[in-house]
Every structure is written in C-alpha cells, then in structure tokens.
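Descriptive analysis of the structure
The primary structure of each chain is shown beneath.
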Amino acid sequence: MERLRIEITGIVQGVGFRPFVHNLAGRHSIGGWVANDGRGVVIEAEGEQAALAAFLAALRAEAPPLAVVGAVTARPLPPAGERGFAIRTSAAADARTALISPDVATCPDCRAEIADPLDRRYGYPFTNCTNCGPRYTIVNDVPYDRERTTMAAFTMCPACRAEYDDPANRRFHAQPNACPACGPAYRLLDRDGRPLAGDPLAEARRLVAAGSVAAIKGLGGFHLACNALDAAAVAALRARKVREDKPFAVMAGSLAAAKARCLVDKAEEELLAGPARPIVLLTKGPGYDLAAAVAPGNPCVGMMLPYAPVHWLLLAPDDVWVMTSGNTSDEPIAYEDGDALARLAGIADFFLVHNRPINCRADDSVARVFGGKPYLLRRSRGFAPAPLRLKRPGPAVLACGGELKSAFCLTRDDQAFMSAHVGDLENMATYGAYTAAIEHYEKLFAVRPELVAHDLHPEYLATKYAMDCGLPRIGVQHHHAHIAAVLAEHGADGPVIGAAFDGTGYGDDGRLWGGEFLLADLKGYTRLAHLEYMPLPGGAAAIREPWRLAAWVLHDLYGADFVNKDIPFVRSLPAGWELLLAAAAKGLNAPLASGAGRLFDACAALLGVRGKINYEGQAAVELELAAAGRKGRVLPYAITAGEPARLDFRPAFAAMVAALEQGAAPAELAADFHATLADAVAATVRRLAAASGVRTVALSGGVFQNVTLLGAVVARLEQDFTVLLHRSVPPNDGGLALGQAAVAIERSR
Ligand code: ZN
Ligand code: ZN
Ligand code: FE
C-alpha cells in the first residue's frame, strides 16, 4: 500500500469536484479523504500502486465538466491503513486564494428534470446542481457557501437538504440548491408593479405570443424580450428602447431553431451550446424568417440558446425571441426589481420578476468564430470572473480599462480577473456600476491593489478613478495596452510588431491615435509607423457624422474643385460644409487623428453607405457588410518612410472617386477598401519586420472585430510570421485592461 498527498489547483470548488473524487476513489478502491483548501482541492489517497496511478490520471482526464484543473501535484506520505474514503467539509476555506466560477448554463440532467412531469422540479425555473447554475451573479463574499450568496434567505426543505448532504448526489454542496417547496419563485407584474393573475411563466408566454414586450429577470440582469417573428412587436421594442439600427440579439428555443435560420458550422455549434452560452454572431441562412427590424441590413444575427431554466420553460423549441439587455441605450443593464420597474416601465408591457436577488450584474457575452475558434467580442456572463493566467506573478494591480465597452482587471499573483462587461463609461449610472464592481472584485478575490494602471486619456472616467484612488500609478498608452493584451493572452513577452487599429486612443504626443504599428514588448514600445493623420472637422462631431471626413478627404485631394466631381456623395453634401472645411483647413476645431476607424468612416460616407451614425462603429460595420462576399482589388496607397513611417490612403481614395465617376458599384469599392487596407497593413508589417528582424505579429484594436479585414490580413501574413490574435479577451477596449495590467506588472519588476 502507498499513500499520496495530492493537491489540485484551478476552478475545482463549487463544480462538483469533491463528489467526483469520492466516486473515483470508490471505483479504484482508494482510501483516504478529500477537502477544499485555499488553493483548490487536497486529497490524501491510499491504495495499491497501480490503482493510485489510475486514480491520479483520472483526476484530470475525467474531471467534471465545469472544473478547470490547473496543477496536480503529488507527494508520498507514510501509509495509514485507511480503507474508507471521506469528504471532509472544510472549515472556512482560505479566501485569499479561492476562485469563483462563472455562471453556467443549465446542464442536461437539470433540463431533463424540469421537463419531467413526475419530477419534483417539473417546471421549476431555479433548478440547478453542482454542474450548472448561478455562481458569480449570486455570490456576496467568499468562501463560496450558501450563507454568502443571495440564496441565504431560503432555507432548504428536507428533500433538498438530503441532496445537499449526500456525497453521491449531483447536488452535494450545490449552494443554490432549491425546489418549488423551498426556493425562489417568479411573479408577474404589470408595468406599474401590480401583480398579474395566473401562472407567471404560462401567462408570460401567452403575452409574448400575443405581441407584448416583456422585461424578464434572468441570471445576470433583465432582458427585454418579444417574439422575433412579430414585426410589430420588434418595431415597438426598437422605438421604445430608442435604438434605431443596432441589431438585437435573439434567443432560439433550440439548436434546431437556430440552424433553421442561420448557417451554423461545427465550431459555432460548440460555442452556441457550450456552458458559457454567449451570443454568437451567425450568418443568416436561406430559412431566415425573423422580422426585418431584428438585425436590419445585416447578413449576420446574434443568436444564443437558453442558458437558465426559465428560458427553457418560456421558449418552446420552435420559438425565437428577441432578448436584448434590459436598459435604455447607454445605461448599465438593470438587475434589481425596483430599478427595472422604474427604468423599463416605458419599454416593457409587463415584468417577469423573481425573489432571488442578483448580487452583481452580468450582461450576455458576445462571440463569433474566426479561423475555427471562438473570437470574443464581449467577455461577460459565463466567462467572468474566471481568471486568465499571467506568465509571471506580480504585485496586485487594478487596471482601470478604457471608456467604451469598459471592463477593468484585478490581478492576484499570476491570475488576472477581468470584470464582466460594464458598458460605456460616459454617464454617472455606468460609473456607479463600475466603481461598485471594482469594490466587489476586491472583496471576492481578497485583493488590495498595490498599483493602479490606467489609460493616458485625461478625460476618461476610468483614468480619473485611477487618479483619485491614492495608489502608485502606471499610465499605459492605449495602443500599447491593446498589443500587451494579446501578449498576455499568449503568455508571450515580445518583442512583436503590433498593429493596433481602433477608433481613437490617446497618443503619447497628445494626439488621437488609432492606426498604429508598434514594436512592443510588455515593458514598452516604439511607434514605428502609423496611418497618416487626418483632421476631424468639428471635433468629436465628426465621429458621429462620417460625411465630414469624406468631405475633408475630397477637399484635401482636389481643393475647392471637389464639388465638381460627379459622384452621389458630392450631390448629397449637407448644408454648412463650406464653413466646416474652411475651419478645418485653418486647423480650427479639427484635432488630428490617425484612427483606422476614421478611414472606414470616410470611405463609408464617400461610397454612400453611411453619412451619419446611430451607434458607435456603425459606418465601419456597414462598410464591412457592403463588401460581404466580394474579394476586392488592391488600390494604390503610399508608405512614406520616416520615424515613424506613415501610411497614406489618399491614393486609394482618389482611385475610388475615379471609379465612382465611372459608375462603379459602392459594394465593389467597399471590398476594394478592405483588400487595400489589408494589403497596406501586411506591407507595412513586412517592411518593419525586415528592419527589426522581429517575426511575430500581434493584431488588436476594435477595428479587428471586422473579420473581413482580419481574415485578409492574417491570410497575407501567416505564411511568414507567427500571427497572434485575441481569443480570451475582446480586441476592442473591453480587453484593454488585461494589457494595462500586464504592462504595469512588467514595469514594476
Ligand atoms: Zn444541473
Ligand atoms: Zn427544496
Ligand atoms: Fe482602443
């Protein structure tokens, strides 16, 4: 007989790991015990040598679906003659190193129970087990025990208690365990908060089928929902939510319902049906039949599958419902009943609420598949707060992130905890959500930051928060942070040639950057090249009105004579353009910007795709849509040598104007623009690589959400370079904080 002390780190608490170990020990005739400790799970195991070896291998190979097994270490102990195997219920685990699991989609076993008329959980919308259910959104504090969750107020009935105490049961120590006899319940309210009669779920189904807009409290907040096949209901939701064009996400009642309407490949299916259940951007298929207003003018639609029991109970397999965040345009998602009733009363016809409080909000995550693998656009529910691993441990850092799509990052040793999506930090409501989430993370992970990392933009609320928090500060340039985030994800040190393309970020010269080629490592960077600066006529207004940029480009190319160009854009110039351009030419209220986003804007306006936008990035999104399916030719462009070198797109715009005069189709030119930009990026990278000898390229920034551009750049570079892309955090500013944290840790060494 031999005895081993085995220590396992990773996400191994609250995921059914100890019952799994208990069963495994029985199968391999192992004696001893298992317990949670501060770093994960500890096992003492005694048995025959071969049995121990098999047991050890199975700990990793057969781990429960939600477990993320980190390191497994084993060292010999003197045998103690133990035959039985026990689960030791730990005294309060050490909070300083514990991990909290993200929320997990309802597992097949729980789904079977809620669908089984003979089961005591038939139709029960709060069914969960150690393999599924709420985690992060209900936890107040650590260690993760029922009394420190929003389930504390519910006392388990004897049947639930027996499951909870039985190591062989799927609900052994499932903290949110509940049933209709003892757990939370849904209620149906009218928009004034008065109770409505009838079974809440059945009545909600009936009302949505009849064309109503519902506010539904789910896992991480409220959704606004309606029947996605009902054009009038979708139009009403759009009008009331004051959301003109931005696509709505849709929940399909089954994978079959999603596949009937969209093209779904194997990787997309895995992402859709996986435990994180993000919204997945899918291409509409021949059977697409949703109301036009769901995703207007877009060949793609964001779809997700049910992830909480309430969704399985509300949606029949054939149903498709719009499920959009419960907020008005720019505010954080509502997650408290009173707040939802106050803020959403003008939007929803009725409210489906429940009495299990949501402790912290978590929006749906958004992803797509690129190159056969997930590519995250918003990392939130189902992902946060699982840690990302840094290459080296360092001091505890709070990285404050950016302004749009904001998220922060808190580090502990070699773990980086990215926050759930907070939203655009432009109003006090979002700022309040942001500061509350920071405090919550510091409590959950028992971290007192020693350093704060922040963007250089002095006007970002996130930067102001950093300035006010009284800690040593490390400012990280925006695009350096983007590239560092890619490095951190891949555990790479650099140097790399990083192409960081986005709308705008504050440059170290005080100008607005956003088309940057950096020779970067985690410590620093050199700006080797950038897109040529262009003035923003009228300042920030030019971001909302891309026509101003197109007008500037034409004025720059042809002077005042550009009005004689026989192209639709010139004929449709809004009044007042002369004064605007005259001011810009004098440098009045026309800050210089090198943002790639502005290049997309200018092109979209010139081609008549979009002259004014209703949501951030709309012109670029629609330009990509216009180009869909076309290969595109490479138009001329110029690279001006220098330190930094400059990439000049004026020749490409001149070629587009000439083509428009010849009657070229805007869609063809949109494809040409993408091909040209991809070619210019690749050519610039090759030139910089030749000079520097660096053979690794990192691509980041919100512009690389555009997979047409991303695909074209990767195709041109992957033969000769190692190309690093984002996978675990978004390329947009939602991933910025990871890079800020990595840089701060490196600089503090
Ligand atoms: Zn389950
Ligand atoms: Zn019960
Ligand atoms: Fe950015």
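If you're wondering where the values come from, they're calculated on a predicted model, not measured in any experiment. (Residues numbered from 1 in each chain as written. Chains lettered and ligands numbered in written order. Predicted model: local features only at pLDDT ≥ 70, side-chain atom pairs only at ≥ 80, totals over all residues. Heavy atoms only, no water.)

**So, the coordination of the zinc ion (ligand 2)**
As a reminder of what qualifies: Coordination here is defined by N, O and S atoms within 2.8 Å of the metal (3.2 Å for Na, K and Ca), and since water is not considered, a site can look incomplete. Angular criteria define each label, namely tetrahedral for four donors with all angles between 85 and 135 degrees, square planar for four and octahedral for six donors with opposite donors over 155 degrees apart and remaining angles between 65 and 115, and irregular for whatever fails these tests. Relative accessible area decides the class of each residue, using a 1.4 Å probe on protein chains only: under 20% of the type maximum gives buried, over 50% gives exposed, and in between gives partly exposed.
Bound to the zinc ion (ligand 2) on the protein side are C157 (SG), C160 (SG), C179 (SG) and C182 (SG), at distances that span 2.2 to 2.3 Å. Coordination at the zinc ion (ligand 2) is tetrahedral, judged from the four donor atoms that bind it and the angles of 104 to 117° they form at the metal. Mapped onto the polypeptide sequence, the residues donating to the zinc ion (ligand 2) form the spacing pattern C-x2-C-x18-C-x2-C. For C157, a relative accessible area of 13% puts it in the buried group.

**What about the coordination of the iron ion (ligand 3)?**
Within the protein, H478 (NE2), H482 (NE2), D502 (OD) and D733 (OD) serve as the donor atoms for the iron ion (ligand 3), at 2.1 to 2.2 Å. Around the iron ion (ligand 3), the four donor atoms sit at angles spanning 86 to 171°, and that spread fits a shape best called irregular. With a relative accessible area of 13%, D733 lands in the buried category.

**Some remarks on the pairing of strand β21 (residues 473-476)**
Our working definition: Per the convention used, a helix needs a DSSP run of H or I reaching at least four residues, while a strand needs a run of E reaching at least two, with both numbered from the N terminus. At least two DSSP bridges between two strands are needed for those strands to be called paired. Every crossover in which the path from the first strand over the helix to the second runs clockwise, viewed with the strands pointing away from the viewer, is termed right-handed.
Side chains I474 and V476 project from β21 onto a buried face, and the interleaved R473 and G475 project onto a face without burial. With four bridges joining them, strand β20 (residues 451-455) and β21 adopt parallel strand pairing. Of the residues in β21, the one forming a bridge with A453 is I474. In terms of handedness, the path from β20 via helix α12 (residues 461-468) over to β21 forms a crossover that is right-handed.

**Here we look at the domain arrangement of the protein**
Accessible area lost during the coming together of the parts is what is often quoted as the interface size. For clarity, the threshold we go by: The split into domains, and so the bounds of each, comes from an automatic or database assignment of domains. Two parts placed together each lose some accessible area under a 1.4 Å probe, and adding up what both lose gives the buried area. Salt bridges are defined as contacts in which a side-chain nitrogen from Lys or Arg sits within 4 Å of a carboxyl oxygen from Asp or Glu.
In terms of domain boundaries, the protein breaks down into domain 1 (2-87), domain 2 (186-366), domain 3 (367-489 + 730-748) and domain 4 (531-724). Between the C-alpha centres of domain 3 and domain 4 the distance comes to 29 Å. A buried area of about 1,100 Å², summed over both sides, lies between domain 3 and domain 4, and 67% of it is on carbon and sulfur atoms. Linking domain 3 to domain 4 there are one salt bridge. Residues K405 and E616 are paired through a salt bridge, measuring 3.0 Å at the closest nitrogen-oxygen approach. Elements supplying a minimum of two residues to the side of domain 3 that touches domain 4: β15 (366-370), β16 (373-378) and α13 (478-490).

**Some details on helix α18 (residues 596-606)**
For an α-helix the count is 3.6 residues per turn, leaving residues at separations of three or four pointing the same way. Burial analysis of α18 places eleven of its eleven residues in the buried class, which makes it a mostly covered element. Along α18, the residues classified as buried are A596, G597, R598, L599, F600, D601, A602, C603, A604, A605 and L606. Just beyond α18, the residue with positive phi is G608, at close to 75°.

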